[in-house]
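# Per-entry structural report
Listed below are the residues making up each chain.
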Amino acid sequence: MPVTSEEAKSRYPEAKTFKFGDNRALCGRLLSLVRLGKKKATCGALRDFKNGTESMPVIGRRDIALDWDGTPALVIETTELTIRRFCDVDTEFALAEGEDETLEGWQAGHRAFFGRNGGWQSDMELVCERFCLIEDFAQSSH
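Residues numbered from 1 in each chain as written. Predicted model: local features only at pLDDT ≥ 70, side-chain atom pairs only at ≥ 80, totals over all residues. Heavy atoms only, no water.

Turning our eyes to something else, we now look at the overall build of the chain. Helix and strand counts for the chain come out as six helices and five strands. Ordering the α and β elements of the chain from the N terminus gives α-β-α-β-α-β-β-α-α-β-α. In terms of overall dimensions, the chain is globule-like: its C-alpha atoms have a radius of gyration of 15 Å, near the 14 Å expected for 142 residues. With respect to the three principal axes, the spread of C-alpha positions in the chain is 45 × 30 × 25 Å. Across the 142 residues in the chain, those meeting the buried criterion constitute 42%. Across the chain, contacts joining residues at least 24 apart in sequence account for 75% of those joining residues at least 6 apart. Split by element, the accessible area of the chain, about 7,500 Å² in all, is 50% carbon and sulfur. Here the chain holds 19 positive side-chain charges and 24 negative ones, and the gap between their average locations is 1 Å. (Helix = DSSP H or I, 4+ residues; strand = E, 2+ residues; numbered from the N terminus. Rg over C-alpha atoms; globule rule 2.2 N^0.38 Å. Buried < 20%, exposed > 50% of the residue type's maximum accessible area, 1.4 Å probe, protein only. Contact = heavy atoms within 4.5 Å. Areas by Shrake-Rupley, 256 points an atom, 1.4 Å probe, with all protein chains shown as cover. Lys, Arg positive; Asp, Glu negative; His and termini not counted. Charge placed at Lys NZ, Arg CZ, Asp CG, Glu CD.)

In structure tokens, the structure reads:
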């Protein structure tokens, strides 16, 4: 039986909730990469945090990643947080996102993502977060 939002929030009362990606397929793919241990970082446009669209990550806080339907999927803990321009993201961080095997592939995918979600610029500021997986509700609910 899946963990409910109320159960997840009672276990992690300080947690914010969020979804990876901007569509069902991408969300599912990114959650799978976290579960496989391939995705240990993520980023978002700083503008989305400033305008309240997204909740700013906090080092040491545990947050709940949701499936596209809003069901709690897993819990991550932020371990590092930096603000850097898109053009300054290095290969190490791009590969830690686990979405592509090259910096160029990461750049292409993220140009498209940010283009769909408010616009892309090479000097746009990103909130770059490294995290570790704390709990996978799909595993703990069996």
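So much for the structure itself; the text now carries on.
This part covers the sheet that holds strand β4 (residues 72–85). Here we have five strands laid out as an open sheet, ordered β1-β3-β4-β5-β2, and mixed in their pairing. Looking along the sheet, the strands with just one partner apiece sit at the ends: β1 (17–18) and β2 (41–45). Across five bridges, strand β3 (residues 62–66) lies against β4 in antiparallel orientation. Within the sheet, the bridge partner assigned to R62 lies in β4 and is E77. Seen against the sheet, helix α2 (residues 24–35) touches β3, β4 and β5 (125–136) and runs at an angle of roughly 90° to β4. Running over the sheet, helix α5 (residues 103–116) touches β2 and β5 and is turned about 40° from β2. (Pairing = 2+ DSSP bridges. Axes fitted to C-alpha atoms, helices over the stretch in contact; angles between N-to-C directions.)

Core analysis: the largest hydrophobic core is formed by 28 residues, its most contacted members being F20, W106, F114 and L126. The set of elements that each furnish at least two residues to this core consists of α2, β2, β4, α4 (91–96), α5 and β5. Looking at this core element by element, the count peaks at six residues for α2. Filtering out sequence-adjacent residues up to four positions away, F114 remains in contact with C43, G44, A45, R47, F86, G119, W120, M124 and L126. The next biggest cluster of nonpolar side chains, apart from the first, holds eight residues, and it includes Y12, A15, I64 and F137. (Core = buried A, V, L, I, M, F, W, Y, C linked by side-chain atoms within 4.5 Å.)

A separate point is the side chain of R61. Relative to the assigned elements, R61 resides in the loop between α3 (46–50) and β3. Within the structure, R61 has its side chain in polar contact with the side chain of D63 (distance 2.7 Å). When sequence neighbours within four positions are dropped, the list of residues in contact with R61 reads E14, K16, S55, M56, I76, E77 and T78. (Polar contact = N/O pair within 3.5 Å; in protein donor to acceptor, adjacent residues only side chain to side chain.)

It is worth spelling out α5 at this point. Taking 1.5 Å of rise per residue, 14 residues should cover 20 Å, and α5 covers 20 Å from first to last C-alpha, within 8% of that figure. Taken residue by residue, α5 has L103, G105, W106, Q107, H110, F113 and F114 as its buried positions. At its buried positions, α5 is contacted by α2, β2, α3, α4 and β5. Of the residues one or two after α5, G118 is the one with positive phi, at around 105°. (Expected span 1.5 Å × (residues − 1).)

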